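# An overview of the molecular structure
Residue-level listing of the chains:
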Amino acid sequence: MISTSGSEYHNETSSLDSCSHYAKPSLKRDGKRFNHVSFYVDLILACTSVSVICFLAMLLTCAYKIYKGDSPPPFAILPVAIGLTTTIFSVYCLSKSRSILLEKEETQNKETVAPTDNAKKDPVQIGKTGEFNFAKELDHFKRTIPLTQSFHNILIPVGDGFTQIDHIIVSPKGVFVIEQKHFSGWIFGSQFDKEWTQVLNGKKFPFQNPLRQNTLHTKAITEFLKIPERHVLSTVVFSGGAQFKKHMPRNVMRAEKFAAYFRNQPDIMDVTHVGKILYSIRTRVHQTNKHEEEIHLQGVLAKS
């Protein structure tokens, strides 16, 4: 979401920006390295050919002299010396080409792991793409589960301002208020911590405990719709590559786990109650568009 905390927005975008330190592979340099390998391979073939010719020449010379009854000539040692020298040089070339190939393979592996795609994109756009994809999954519920509707990026009045909520699902199973975080790296945090920590590329980025953040959202929904607290369920989902180093706190899950979690919840509201809530949201709650989100974000950053 466009966070209600300016510092959180800064931390989220900074952590994604930190991905940009990965260097782009130099095709020119990589091509030169590959040519070096080809050069060493050619040397190995040439040295091997010279060694074979020298040893054959020595064997034929010695065999001919012995056949004639003469002793091998003193210069017969020369092909042996040349053959040994070229063999040693071949081994050196083979070792050199192998080290270059290993270095090239290691570089390619690092480039595969590096989030170069994220570094090329705007961090805000990355988060919005993650929210959009998850919203499409939530919209699928209204086609498969009766009396279920989903709403995204809505503004709820709070005091003199508004709070923005990523996703809301209204169903006989309850009103699910969902806070989504599209993060990468390791996540450290527990239910009662004031702040959680994202560790990405060896750097730490603190951000507001999303459970506490979503508690404000659920309270705002409860007061605005005038519904019992037991009918409002707080859920935090993480999309992207984020992983928890330790056990995930209660009501926190990966985005792909939410569908199973939602379907396993029992019905707690009747048809009439669900209908009233849906009518109230559709007539009183506003879903933001892109321009309004930018205005909301500017206001958040102005307060930070």
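Reference entry: report on the structure contained in this document.

Criteria and thresholds
Residues numbered from 1 in each chain as written. Predicted model: local features only at pLDDT ≥ 70, side-chain atom pairs only at ≥ 80, totals over all residues. Heavy atoms only, no water. Patch = residues over 30% accessible without salt bridge, like charges linked within 9 Å, V, L, I, M, F, W, Y side chains within 5 Å. Areas by Shrake-Rupley, 256 points an atom, 1.4 Å probe, with all protein chains shown as cover. Salt bridge = Lys/Arg side-chain N within 4 Å of Asp/Glu carboxyl O. Helix = DSSP H or I, 4+ residues; strand = E, 2+ residues; numbered from the N terminus. Pairing = 2+ DSSP bridges. Expected span 1.5 Å × (residues − 1). Buried < 20%, exposed > 50% of the residue type's maximum accessible area, 1.4 Å probe, protein only. Arc of directions from axis to C-beta. Contact = heavy atoms within 4.5 Å. Core = buried A, V, L, I, M, F, W, Y, C linked by side-chain atoms within 4.5 Å.

### Observations concerning a nonpolar patch on the surface
A cluster of nonpolar side chains, namely V52, L56 and L59, defines an oily patch on the protein surface of about 280 Å² accessible area. Position of L56 among the secondary structure elements: in helix α2 (residues 27–68).

### Some remarks on the sheet that holds strand β6 (residues 203–208)
If you walk across this open sheet you meet the 4 strands as β6-β5-β4-β8, and the pairing is mixed. The open sheet has two edge strands with one neighbour each: β6 and β8 (243–244). Pairing of strand β5 (residues 195–200) with β6 involves 6 bridges; the strand directions are antiparallel. Note that in β6 the partner of W196 across the bridge is F207.

### A short note on helix α9 (residues 271–284)
Turn by turn, an α-helix covers 3.6 residues, leaving residues three or four places apart pointing in a common direction. In a regular helix each residue adds 1.5 Å, so 14 residues correspond to 20 Å; α9 covers 20 Å between its end C-alpha atoms and thus fits that length. V274, I277, L278, S280 and I281 are the residues of α9 that are buried. Across the axial projection of α9, the buried residues extend over an arc of 160°, all falling on one side. Among the exposed residues of α9, those oriented more than 90 degrees off its buried face are V271, T272, K276, Y279 and R282.

### A word on the pattern of salt bridges
A complete count under the given rule lists 2 salt bridges for this structure. Between R254 and E256 there is a salt bridge, and its shortest N-O distance comes to 3.2 Å. Using a relative accessible area of 17% as the deciding quantity, one classes R254 as buried.

### Examining the environment of T218
Topologically, T218 is positioned in helix α7 (residues 210–225). A sequence separation of 40 residues divides T218 from I178, and the C-alpha atoms of the two residues are 9.1 Å apart. In this structure T218 touches V177, V232 and S234, once residues within four positions along its chain are discounted.

### Structural notes on the nonpolar core
Judged by nonpolar contacts, the single largest core of 20 residues is most densely connected at I156, V170, V175, I221 and I277. Mapped onto this core, the elements with two or more residues apiece are β1 (149–158), β2 (161–171), β3 (174–182), α7 and α9. With sequence-adjacent residues up to four places away left out, V175 is seen in contact with I168, I169, I221, I227, H231, V232, L233, M269 and I277. F141, I169, I178 and F258 belong to the second largest nonpolar core, which has 14 residues in total.

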